[in-house]
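Here's the letter readout for the chains.
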Amino acid sequence: MIVTVTMNPSVDIAYTLPHLNLDQVNRCNQVSKTAGGKGLNVTRVIHQMNQDVVSTGLLGGALGDFIRESLTKDGIKHNFSDIDGQTRNCLAILHDNGAQTEILEAGPTITAAELKRFEQVMANLLPESDVMTLSGSLPKGIPTNYYVRLLELMSKDSIKVVLDTSGQSLIEVLQSSVKPYAIKPNLDELSDLTNQILTADETALKQALTADIFEGIPLIVVSLGSDGAFVKYTDRFYRVTIPKITVVNPVGSGDSTVAGIAIGLQKKESIEKVIKRAMALGMSNATHQATGYIDQDSYQEFEKQILVQEIK
């Protein structure tokens, strides 16, 4: 079973406007509201791929109830821990032929007692878990090294963990003695982690990924946008070339890629298959308006066109 963790979920509200008028009233006829947060995007894609998945994390208030109801309606299993605070809203305004303006609430402040309750929920899920994903930011009140704490809880169960976070939370993990199985930085994040300006140059990427900070992480997938990806798996490197696509909404594509990695690891597939699945799911998501949604037809067609080449 795959377990997805979303510590700071949200109700994602998308407004579509032909044009955004600043300092004026904007009337919107096209609105969507979905259970959001990076981990929940991962969950939806895994569910759409007909794999066994359970979503967990922290939920509170009426917005938390909305998320639970949405997941239940979609047939997605979930086991969230309750908090006293209110789950956040995140707003996205899609406007002016492809522009996107986002307003992201920080979310509730979490107490030590609420974290303790969540860890008991986690402990109950661990015996049935093969792969776990940890996605997104940490809400207020949770220390920046909390993902290290979760990795410590999972280490004795030999669970493969896919970590998709950034900033100080990621740095804390990389500097700790417990490591995830996989991480998925983009090129900018990798540049920040290695204190250099990186491009898609293969030699520079190979050197960057052999830095001491990444020691102990078997799989690193570096997203290169339309240029595909660069991958380090144990001591091997791969260049991933993808076909050109018409991007409708790129939000959630990274989460869909994480879903593909998790599925591949759970199925114990070859690294080439894992990479192709992950990239194809990310591309399928990008060609749809909804966030965290794929369709089998486009996924299968994209997977056939992805080229994974080992670099010696």
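Residues numbered from 1 in each chain as written. Predicted model: local features only at pLDDT ≥ 70, side-chain atom pairs only at ≥ 80, totals over all residues. Heavy atoms only, no water.

Engineer: Please give an account of the sheet that holds strand β8 (residues 99-104) that cites residues and values.
Structural biologist: Taken together, 4 strands build an open sheet; the order of strands is β3-β2-β7-β8 and the sheet is mixed. Two strands close off the open sheet at either side, each with one partner strand: β3 (30-36) and β8. Strand-to-strand twist of the sheet, defined as the mean angle between neighbouring strand axes without regard to direction, takes the value 20°. Bridge count for strand β2 (residues 10-16) against β3 is 7 bridges, and the pairing is antiparallel. By the bridge assignment for β3, A14 is matched with S32. (Pairing = 2+ DSSP bridges. Helix = DSSP H or I, 4+ residues; strand = E, 2+ residues; numbered from the N terminus. Axes fitted to C-alpha atoms, helices over the stretch in contact; angles between N-to-C directions.)

Engineer: Mind laying out the nonpolar core, listing which residues take part and the relevant values?
Structural biologist: Among the nonpolar cores identified, the biggest contains 48 residues, and M7, M132, L134, L150 and M154 are the most heavily contacted of them. Here this core gets 7 residues from one element, more than from any other, and that element is helix α4 (residues 146-155). When neighbours within four sequence positions are excluded, L134 is seen to be in contact with V5, Y147, L150, M154, V161, V162, L163 and D164. Counting 36 residues, the second-largest nonpolar core is a separate cluster that includes V231, V240, A262 and M283. (Core = buried A, V, L, I, M, F, W, Y, C linked by side-chain atoms within 4.5 Å. Buried < 20%, exposed > 50% of the residue type's maximum accessible area, 1.4 Å probe, protein only. Contact = heavy atoms within 4.5 Å.)

Engineer: Please provide a residue-by-residue account of the layout of surface pockets, values included.
Structural biologist: When its volume is computed, the second largest pocket comes out at roughly 210 Å³. The wall of the second largest pocket is formed by 14 residues, among which L94, G98, A99, V248 and Q289 lie closest to the centre. Contributions of two or more residues to the lining of the second largest pocket are made by β7 (88-95) and β8. The class makeup of the residues in the lining of the second largest pocket is 6 nonpolar, 7 polar and 1 charged. (1 Å grid on protein atoms, 1.4 Å probe; cavity = no way out; pocket = protein on both sides within 12 Å on 5 of 7 lines; lining within 4 Å. Points joined across faces, edges and corners; volume = space filled by probe spheres on them. Nonpolar A, V, L, I, M, F, W, Y, C, P; charged D, E, K, R; others polar.)

Engineer: Please provide a residue-by-residue account of the packing of helix α3 (residues 112-125) against α4, values included.
Structural biologist: When two helices pack together, their arrangement is captured by the angle between the axes and the distance separating the axes. It is the contact of α3 with α4, at a shortest axis distance of 11 Å, that shows an interaxial angle of 35°. Both α3 and α4 take part in a crossing whose hand is right-handed. On α4, the residues that touch L115, F118, E119 and M122 of α3 are Y146, R149, L150, L153 and M154. Class assignment of the residues belonging to the contact of α3 with α4 gives a composition of 7 nonpolar, no polar and 2 charged. (Left-handed = near helix turned anticlockwise from the far one by under 90°.)

Engineer: Please provide a residue-by-residue account of the pattern of salt bridges, values included.
Structural biologist: Here the structure, examined in full by the defined rule, presents 9 salt bridges. Its salt-bridge partner being E310, residue K312 comes within 3.5 Å of it at the nearest N-O pair. Each of K38, D164 and D255 takes part in salt bridges that share partners, so that together they form one network. (Salt bridge = Lys/Arg side-chain N within 4 Å of Asp/Glu carboxyl O.)

Engineer: Now, about the UniProt feature "domain: Carbohydrate kinase PfkB" (unreviewed entry) in the protein chain: what can you tell me, with residues and values included?
Structural biologist: Mapped onto the present numbering, the UniProt feature "domain: Carbohydrate kinase PfkB" (unreviewed entry) falls at residues 7-292. Structurally, residues 7-292 comprises 36% helix and 23% strand, and the distance from its first C-alpha atom to its last is 17 Å. (UniProt positions renumbered as here; feature names shortened; annotations may be inferred.)

Engineer: I'd like a rundown of the environment of I46, residues and numbers included.
Structural biologist: Secondary-structure assignment places I46 in helix α1 (residues 38-48). Residue classification places I46 among the buried residues on the basis of a relative accessible area of 0%. Sequence separation between I46 and I142 is 96 residues, and the spatial gap between their C-alpha atoms is 27 Å. Sequence-distant contacts of I46, that is, excluding residues within four places in its chain, are made with I2, T4, Q51, V53, A259, A262 and I263.

Engineer: Requested: an account of the packing of helix α8 (residues 253-266) against helix α9 (residues 271-286), with residues and values cited.
Structural biologist: Running from N to C, α8 and α9 cross one another at 150°; their axes reach a closest spacing of 7 Å. The angle between α8 and α9 places the two elements in the roughly antiparallel class. In the crossing of α8 with α9, the sense of the turn from one axis to the other is right-handed. From α8, S253, S256, T257, A259, G260, I261, I263, G264 and L265 reach across to α9, where they touch V274, R277, A278, L281, G282, N285 and A286. (Parallel < 35°, antiparallel > 145°, perpendicular 65-115°, else oblique.)

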